[in-house]
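Spelled out from the first residue to the last, the chains are:
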Amino acid sequence: MAEEKIAQKIYVGNVPFAATEKDLTDFLKLPAKTEVEMPVFRYNPGRKMGFAFVTVELASVEGTLKFNGEEMMGRKLKVVLAKPEKQSKPDRWQKDKSSKSKGSGGAVVMVAKPHRSGISQEELHKLQRLREKLATVKSDVDVVTEGVKKLDISKLQMVDVAANLTNFRFNNNLEMVISRALARGVHKMVVCSSTLEDSQQAIILAETLPGVLYCTVGVHPHQAKSWTTENGVLLRSLLDNPQVVAIGECGLDYFRMLSSTKKQLEAFEEQVQIACDVKKPLFVHDRSSKLEVLEVLLNYYQQLPATLIHCFTGTEKEAIAYVKHGFYIGVTGFVTKQDRGKMLRSILMKKVIPLDRLVIETDCPFMMPAISKDDFHGVDFTDVMRWRSNEPCTLVLVANCVAQCYGVSLEEVVDTTTRNANKIFNL
């Protein structure tokens, strides 16, 4: 009779989302038949939770634990002995009854309480109902939920080219946020991403409202510290989705320096190369780079697709340089700020940036515009001010300020910037 082998379960944390069971066993130098559990979200089985359990023979335990702190695909693994299972599971995780049994080779499906950086199943269901409502009316602007006024400005047909709708501040009110935007003239929104995890969430979100929501996929310079070649492979794999309209938010941020210059340049250049390869527009972040972003872009100039410099807050010199090379410029609520936005308003008043090179954006929940206590064309924004969190519905305030700077009508700014956005992203 063969002797029964005693096994030990090991917890592996901070597992890259792109990693497969084979990737993990190969990295840990374990046999191919090693039992691996990689939990996924119940409402989105395609998205892993970022940790795993491996069951190894006692003789292999010590060697496996030596991988604690080792870097895999840009992430430092946490490899420790798994805690003994208790009879009663913690409330946070509950194994689904339909999940496959241990050792069956299938993924263990878990139910998680909503995480602050994820979109809840309930919110996705609400958006699905909103999508059904949109299909029954003549146009987007006819959709107005309780507590949101239907206004004349709803016919403006604006495009918000940068809305961070996967941000945790929108976790429980996305349906209202999007409905308010539609009721106030924003008929299309581009959900921008900062990490590959954000990118996957943005795709899920955009798929709930095709024709209204689109998204970008990419890695922000703040997150460039974890960039690896494998990230580039995963990024390419996301680009086939029809809701993905650009690569980004990528670029350089030398103001906060949350990633080293070397890693920022590495991540930025690889994403620019991917954009050139697949001919997807570039969604670029530039803060305090002193035109180093432009230097990188010019290295690929002959191959570059349409390029948007998002959330521009730079100097007149920088604006001139970007426009000279045919790039588009995105303006947010920053332009409405009395003191901080003064230089940007001056740039617009001088028409340094031609209107046919401009797009408007909220960059919500950030970049809250200056909001007057008076109504704007019969609209008050107290619902937004109450939460102190910007929303796409404030885009009309950006458009209005831009119109005043150029000395043209609000309608002309909306028509031109919408046409520009449609052209950049092929909406």
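Attention in this report is confined to the structure presented alongside it. This one's a predicted model, so the numbers in the text were calculated from it and none came from an experiment.

### What to know about the sheet that holds strand β11 (residues 186-191)
Right, on to step 1. One open sheet holds the eight strands; their spatial order is β10-β11-β12-β13-β14-β15-β16-β17, and the pairing between them is parallel. A single partner strand is all that each edge strand has here, and the edge strands are β10 (158-163) and β17 (358-360). Strand after strand, the sheet turns through a mean of 30° between neighbouring axes, direction not considered.
Right, on to step 2. In the sheet, β10 pairs with β11 via four bridges, with the strands oriented parallel.

### Some remarks on the nonpolar core
Right, on to step 1. Within the largest apolar cluster, 93 residues are counted, with the highest numbers of intra-cluster contacts made by L165, L213 and V402.
Right, on to step 2. Examining the composition of this core, we find that ten residues originate from one element, helix α12 (residues 395-406), more than from any other.
Right, on to step 3. If sequence neighbours within four positions are ignored, L165 has contacts with F170, L174, V177, I178, V191, L205, L213, C364 and P392.
Right, on to step 4. Membership of the second largest hydrophobic core comes to 18 residues, among which are V15, V56, V61 and L77.

### Let's talk about the pattern of salt bridges
Right, on to step 1. What the rule picks out here adds up to seven salt bridges.
Right, on to step 2. With a shortest N-O distance of 2.7 Å, D26 and K22 are connected by a salt bridge. Taken together, the residues D26 and K22, both in helix α1 (residues 21-27) and four residues apart, mark about one turn of the helix.
Right, on to step 3. In this structure D26 comes out as partly exposed when scored by relative accessible area, which is 42%.

### Some words on the packing of helix α6 (residues 229-238) against helix α7 (residues 261-278)
Right, on to step 1. Put simply, α6 and α7 touch, their axes get as near as 11 Å, and they point 30° apart. Overall, the two elements α6 and α7 adopt an arrangement that is roughly parallel. Along this stretch, α6 crosses α7, giving a crossing that reads as right-handed. Counting all contacts with α6, which are made through T229, G232, L235 and R236, the residues of α7 involved are E270, Q271, I274, D277 and V278.
Right, on to step 2. The residue makeup of the contact of α6 with α7, split by class, is three nonpolar, three polar and three charged.

### Overview of the packing of α12 against helix α13 (residues 410-425)
Angle between the axes and distance between the axes: these two values describe a pair of packed helices.
Right, on to step 1. Interhelical geometry of α12 versus α13 gives an angle of 110° and a closest axis separation of 8 Å. Classified by the angle their axes make, α12 and α13 are roughly perpendicular. The interaxial crossing formed by α12 with α13 has right-handed handedness. For the pair α12 and α13, the contacting residues are V396, A399, N400, V402 and A403 in the first and L410, V413 and V414 in the second.
Right, on to step 2. Residues belonging to the contact of α12 with α13 are distributed by class as follows: seven nonpolar, one polar and no charged.

### Quick notes on the packing of aromatic side chains
Right, on to step 1. Under the definition given, this model contains six aromatic pairs.
Right, on to step 2. Consider the rings of F27 and F67, whose centres lie 5.7 Å apart with planes at 55°: the pair is tilted. You can see F27 sitting in helix α1 and its partner F67 sitting in the loop between α2 (58-65) and β5 (71-72), a full 40 residues away along the chain.
Right, on to step 3. In this structure F27 comes out as partly exposed when scored by relative accessible area, which is 23%.
Right, on to step 4. In this arrangement the basic side chain of K9 is found over the ring face of F53, its NZ or CZ atom lying 5.4 Å from the centre.
Right, on to step 5. The ring of Y328 carries the charged tip of R357 above its face, separated from the ring centre by 4.3 Å.

### Quick notes on the sheet that holds strand β7 (residues 78-81)
Right, on to step 1. Taking strand neighbours across the sheet as the criterion, the four strands line up as β2-β4-β1-β7 in an open arrangement whose pairing is antiparallel. Edge positions in the open sheet fall to β2 (35-37) and β7, since each of these has one partner strand only. Taking the axes of each pair of neighbouring strands and ignoring which way they run, one obtains an average angle of 25° across the sheet.
Right, on to step 2. Pairing between strand β1 (residues 7-13) and β7: four bridges, direction antiparallel.

### With respect to α6
Right, on to step 1. All of the buried residues in α6 are N231, G232, L234, L235 and L238. Angularly, the buried residues of α6 cover 165° about the axis, an arc narrow enough to put them on a single face. Structural note: α6 exposes T229 and V233 on the side pointing more than 90 degrees away from its buried face.
Right, on to step 2. Turning to α6, the residues buried within the fold contact α5 (196-208), β12 (213-217), β13 (244-253) and α7.

### What about the pairing of β12?
Right, on to step 1. The buried fraction of β12 amounts to five of the five residues, a majority that puts the element mostly inside the structure.
Right, on to step 2. Along β12, one buried face is formed by L213, C215 and V217 and the opposite face, lined by Y214 and T216, is buried too.
Right, on to step 3. Relative to β12, β11 is paired through three bridges, and the arrangement is parallel. Each residue of the ladder has a partner; that of V190, found in β12, is Y214.
Right, on to step 4. Across three bridges, the pairing between β12 and β13 is parallel.

### Focus on the pairing of strand β15 (residues 307-310)
Successive side chains on a regular strand alternate, one facing one side of the sheet and the next facing the other.
Right, on to step 1. What you see with β15 is no split at all: T307 and I309 on one side and L308 and H310 on the other are buried throughout.
Right, on to step 2. Where strand β14 (residues 282-287) meets β15, four bridges bridge the pair, whose relative direction is parallel. Within the sheet, the bridge partner assigned to V284 lies in β15 and is I309.
Right, on to step 3. Traced from β14 through helix α8 (residues 292-298) to β15, the parallel crossover comes out right-handed.
Right, on to step 4. For β15 and strand β16 (residues 328-331), the ladder comprises two bridges, and the chain directions are parallel. Pairing of L308 across the sheet is with Y328, part of β16.
Right, on to step 5. The parallel pair β15 and β16, bridged by helix α9 (residues 316-324), forms a crossover whose chirality is right-handed.

Conventions adopted
- Residues numbered from 1 in each chain as written.
- Predicted model: local features only at pLDDT ≥ 70, side-chain atom pairs only at ≥ 80, totals over all residues.
- Heavy atoms only, no water.
- Pairing = 2+ DSSP bridges.
- Helix = DSSP H or I, 4+ residues; strand = E, 2+ residues; numbered from the N terminus.
- Axes fitted to C-alpha atoms, helices over the stretch in contact; angles between N-to-C directions.
- Core = buried A, V, L, I, M, F, W, Y, C linked by side-chain atoms within 4.5 Å.
- Buried < 20%, exposed > 50% of the residue type's maximum accessible area, 1.4 Å probe, protein only.
- Contact = heavy atoms within 4.5 Å.
- Salt bridge = Lys/Arg side-chain N within 4 Å of Asp/Glu carboxyl O.
- Parallel < 35°, antiparallel > 145°, perpendicular 65-115°, else oblique.
- Left-handed = near helix turned anticlockwise from the far one by under 90°.
- Nonpolar A, V, L, I, M, F, W, Y, C, P; charged D, E, K, R; others polar.
- Phe/Tyr/Trp six-rings, centres within 6.5 Å; stacked < 30°, edge-to-face > 60°.
- Lys NZ or Arg CZ within 6 Å of the ring centre and 35° of its normal.
- Arc of directions from axis to C-beta.
- Right-handed = clockwise from strand over helix to strand, strands pointing away.

Scope: geometric values only; no functional claims are made or implied.
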